[in-house]
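In case you want the letters, here they are:
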Amino acid sequence: VGAGTEANRAACAPAEPQGMPDSLNGKRWSLDVFAHIDAQRFAAVCETWFSWAGFDTRHECHRTQEGVDIWLHAPRLPGPVAIVRCKHAPDQPVGVQELREFQGVVSACKDAHGTFTTTSTYTPEALQFARENGIEVVDGRALLRRILTRTRQCQQALLAVAYHGR
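Quick notes on the rules
- Residues numbered from 1 in each chain as written.
- Predicted model: local features only at pLDDT ≥ 70, side-chain atom pairs only at ≥ 80, totals over all residues.
- Heavy atoms only, no water.
- Core = buried A, V, L, I, M, F, W, Y, C linked by side-chain atoms within 4.5 Å.
- Buried < 20%, exposed > 50% of the residue type's maximum accessible area, 1.4 Å probe, protein only.
- Helix = DSSP H or I, 4+ residues; strand = E, 2+ residues; numbered from the N terminus.
- Pairing = 2+ DSSP bridges.
- Axes fitted to C-alpha atoms, helices over the stretch in contact; angles between N-to-C directions.
- Salt bridge = Lys/Arg side-chain N within 4 Å of Asp/Glu carboxyl O.

(A) Quick peek at the nonpolar core. Ranked by internal contacts, the top residues of the largest apolar core, which has 29 residues, are Trp29, Phe34 and Ile37. Among the secondary structure elements, those contributing two or more residues to this core are helix H2 (31-36), helix H3 (39-52), strand S2 (70-73), strand S3 (82-87), helix H6 (140-148) and helix H7 (152-162). Considering every element that reaches this core, the biggest residue donor is H3, with 8 residues.

As structure tokens, then:
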């Protein structure tokens, strides 16, 4: 079940408890958040982010054999419009081989766009491959910039997703 519901998008908040956990008081978004959360929490942050962008999301509890973490669906369109791979590796740049593998998955999904999102960065070769093959790449700094364009309330709601259960 995805995070993309009308109520969540409208309120810019995930379907979590209304109050902010005491452990989040004073916390703000930074690259350190990505370093402190695990891969599952990072995927949950990405899924919530895409749901706020208007997509119906369907996540995979464990990455599918095909290498998909999140399926993005648009209202009234058949099949996924995009697939997302989330790579939590704060200290390791994503290399061209990982993007080649992902491109194979994207190619197999008819009419679906590919987005590769990481907490890290990309090697120059990976960036070139992404450009040449129409894969959207989002690194940790770019995702953080996007998060920081949201209201403080939305940022806090996303922090609650990142730290859920802590």
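Moving on, there is more to tell.
(B) Molecular detail of the sheet that holds strand S4 (residues 113-118). Spatially, 5 strands are ordered S1-S2-S3-S4-S5 in an open sheet, and the strand pairing comes out mixed. Edge positions in the sheet fall to strand S1 (56-59) and strand S5 (136-138), since each has one partner strand and no second. Pairs of neighbouring strands in the sheet enclose a mean axial angle of 20°, with direction left out of account.

(C) Quick peek at the pattern of salt bridges. Summed over all chains, the structure comprises 2 salt bridges. Measuring nitrogen to oxygen at the nearest pair gives 2.7 Å for the salt bridge that ties Glu98 to Lys87. Note that Glu98 is positioned in helix H4 (residues 96-108) and Lys87 in strand S3, a separation of 11 residues in sequence. On the accessibility criterion, Glu98 (21% relative accessible area) is partly exposed. By relative accessible area, Lys87 is classed as partly exposed at 22%. Arg146 is the salt-bridge partner of Glu136, the closest N and O atoms lying 3.3 Å from each other. You can see Glu136 sitting in strand S5 and its partner Arg146 sitting in helix H6, a full 10 residues away along the chain. In this structure Arg146 comes out as partly exposed when scored by relative accessible area, which is 31%.

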